[in-house]
Structures are given as C-alpha cells and as structure tokens.
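These are the residues of each chain, in order.
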Amino acid sequence: AGLSAFVARLALPALIFRTLLSADFSRVQRGLLLAVLSAKAFMFAIAILLSYLRRSRRVDAPPWQISAGLFAIAATQSNDYALGVPLIAALWSDRFRPIIDLVAPVQLAVLNPIGFALLEWGAVHQRDGDTTEPAAPASAAVAATVAADSAPRRRSTVVRVLRKLVVSPLIVAV
C-alpha cells in the first residue's frame, strides 16, 4: 500500500510535471498526435455507449455508470510511461517520445476525469439505492415533483464529483 500511494500521489505526478516542463514539443508530429488522441477519444465514447446499451435491469446490478467509467478507462488507458517509453526508445530512439509526453497528460487530464465522474455518479446512485431508471410519472404534478426533487440532488452529485476530481494528485500535476 505504501509503494502504490507513493507512485500514485508523488512519483507519477512529479514525472509528468517534469516531463511537460522539459520536453521539446516543436518536434511533435501534430497529425500523429491528433490521430492517437482521436482514437483514444473514440474508444472511450464507444466503451461508454456499449456500457449504456448493455445496462442490466436486475435489481442487484450496479448502475451502468460504474461499468461505463471502468470500461472506458480500461479501453483507453495504456501504460504509456512504464511500457511505451522503453518500447519507443528501442524501436525509434527518442523520435516519438514527445507524443507520449503529450498523450499521457491528455489521458490523465481529460479522459480519466470523465471516467472518474461516471464512477462517482454511479456510486452516488448505488448509495442512494437508485440503480434503475425512473418510471414515467402518472401525471404532470408528479413529474414536476420528481423534477424538483432531483435538481438539488443532481447539483450536489456534480459538486461532489468535481470536488474529488480537483484534489486528485494526477490532475493537479497536469
């Protein structure tokens, strides 16, 4: 537990911060960077869409948002630094290293927070016992009451998710 906390809270954020400060981004091939980022974003969206389409109606099933967050992060999270840097150095020396230096922070600062927000959203629904989609209200008065009750709850969920994201060491490093 101590080593993983050190890596997640100090070593990786420090490595990302130092790399972004010292990298020479003038050598970056923008077309390749755009292709890699587009592919990651596309796979991220596909994972979320498939999780939503395959959501379970079982009472004991977790909310679809939890699956969507996990699958989206898993589908796009590559081991850029631990595996990517040695492989690229062995194959192409340091020619494509700036691509990794830019893709990893974008993954950490843009895609992962969306996945984390989905996980938190699902956890809130699961904690509140709201794992299924609401049924259609019988009347306009009931619909207005449901809407009035869900607006503050939705707002507090968004605030809770944003608060957890803002204090993440990886987000702060980027």
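Scroll up a little and you will see the structure.
Attention here is on the structure that accompanies the text. (Residues numbered from 1 in each chain as written. Predicted model: local features only at pLDDT ≥ 70, side-chain atom pairs only at ≥ 80, totals over all residues. Heavy atoms only, no water.)

## A few points about the packing of aromatic side chains
Aromatic rings in a pair are described by how distant their centres are and how their planes are angled relative to each other. One pass over the full model with this rule turns up 2 aromatic pairs. Aromatic side chains Tyr52 and Trp64 sit 4.9 Å apart centroid to centroid with 75 degrees between the ring planes, which places their arrangement in the edge-to-face category. Of the two residues, Tyr52 sits in helix 2 (residues 30-53) while Trp64 sits in helix 3 (residues 64-76), which places them 12 residues apart along the sequence. For the pair Trp64 and Trp121, a centre-to-centre distance of 5.9 Å together with 75 degrees between the ring planes defines the contact as edge-to-face. Here the residue Trp64 occupies a position in helix 3, and Trp121 occupies one in helix 5 (residues 97-127), the gap between them amounting to 57 residues. Residue Trp64 is classed as buried on the basis of its relative accessible area, which comes to 18%. Through pairs of rings, three or more aromatic residues link up here, namely Tyr52, Trp64 and Trp121. Over the ring of Tyr52 we find Arg55; its NZ or CZ atom is 3.9 Å from the centre of that ring. (Phe/Tyr/Trp six-rings, centres within 6.5 Å; stacked < 30°, edge-to-face > 60°. Helix = DSSP H or I, 4+ residues; strand = E, 2+ residues; numbered from the N terminus. Buried < 20%, exposed > 50% of the residue type's maximum accessible area, 1.4 Å probe, protein only. Lys NZ or Arg CZ within 6 Å of the ring centre and 35° of its normal.)

## Some words on the nonpolar core
Ile16, Val28, Leu33, Tyr81, Val85, Ile88, Phe96, Ile99, Ile100, Val103, Ala104 and Leu108 together form the largest nonpolar core, which totals 12 residues. At the level of secondary structure, the elements contributing two or more residues to this core comprise helix 4 (80-92) and helix 5. Looking at this core element by element, the count peaks at 5 residues for helix 5. When sequence neighbours within four positions are dropped, the list of residues in contact with Leu33 reads Val28, Ile99, Leu102 and Val103. (Core = buried A, V, L, I, M, F, W, Y, C linked by side-chain atoms within 4.5 Å. Contact = heavy atoms within 4.5 Å.)

## Details of the packing of helix 4 against helix 5
As a packed pair, helix 4 and helix 5 sit with axes 10 Å apart at the nearest point and diverge in direction by 165 degrees. The angle between helix 4 and helix 5 falls in the class roughly antiparallel. Read as a crossing pair, helix 4 and helix 5 show a hand that is right-handed. When helix 4 is examined against helix 5, the residues Asp80, Tyr81, Gly84, Val85 and Ile88 are found in contact with a partner set consisting of Arg97, Ile100, Asp101, Val103, Ala104 and Pro105. Tallied by class, the residues present in the contact of helix 4 with helix 5 amount to 7 nonpolar, 1 polar and 3 charged. (Axes fitted to C-alpha atoms, helices over the stretch in contact; angles between N-to-C directions. Parallel < 35°, antiparallel > 145°, perpendicular 65-115°, else oblique. Left-handed = near helix turned anticlockwise from the far one by under 90°. Nonpolar A, V, L, I, M, F, W, Y, C, P; charged D, E, K, R; others polar.)

## Side note on the side chain of Ser51
Residue placement: Ser51 occurs in helix 2. Within the local environment of Ser51, its side chain forms a polar contact with the backbone oxygen of Ala47, the two atoms lying 2.9 Å apart. (Polar contact = N/O pair within 3.5 Å; in protein donor to acceptor, adjacent residues only side chain to side chain.)

## A short note on the packing of helix 2 against helix 5
Each pair of packed helices gets described by two things: the angle between the helix axes and the distance between those axes. Relative orientation of the contacting elements helix 2 and helix 5 amounts to 20 degrees, with a least axis distance of 10 Å. Between helix 2 and helix 5, the crossing angle belongs to the class labelled roughly parallel. Pair helix 2 / helix 5 crosses with right-handed handedness. For the pair helix 2 and helix 5, the contacting residues are Leu32, Leu33, Val36, Leu37, Lys40, Ala41, Phe44 and Ile48 in the first and Ile99, Leu102, Val103, Val106, Gln107, Leu111, Ile114, Gly115 and Leu118 in the second. A per-class count over the contact of helix 2 with helix 5 returns 14 nonpolar, 2 polar and 1 charged.

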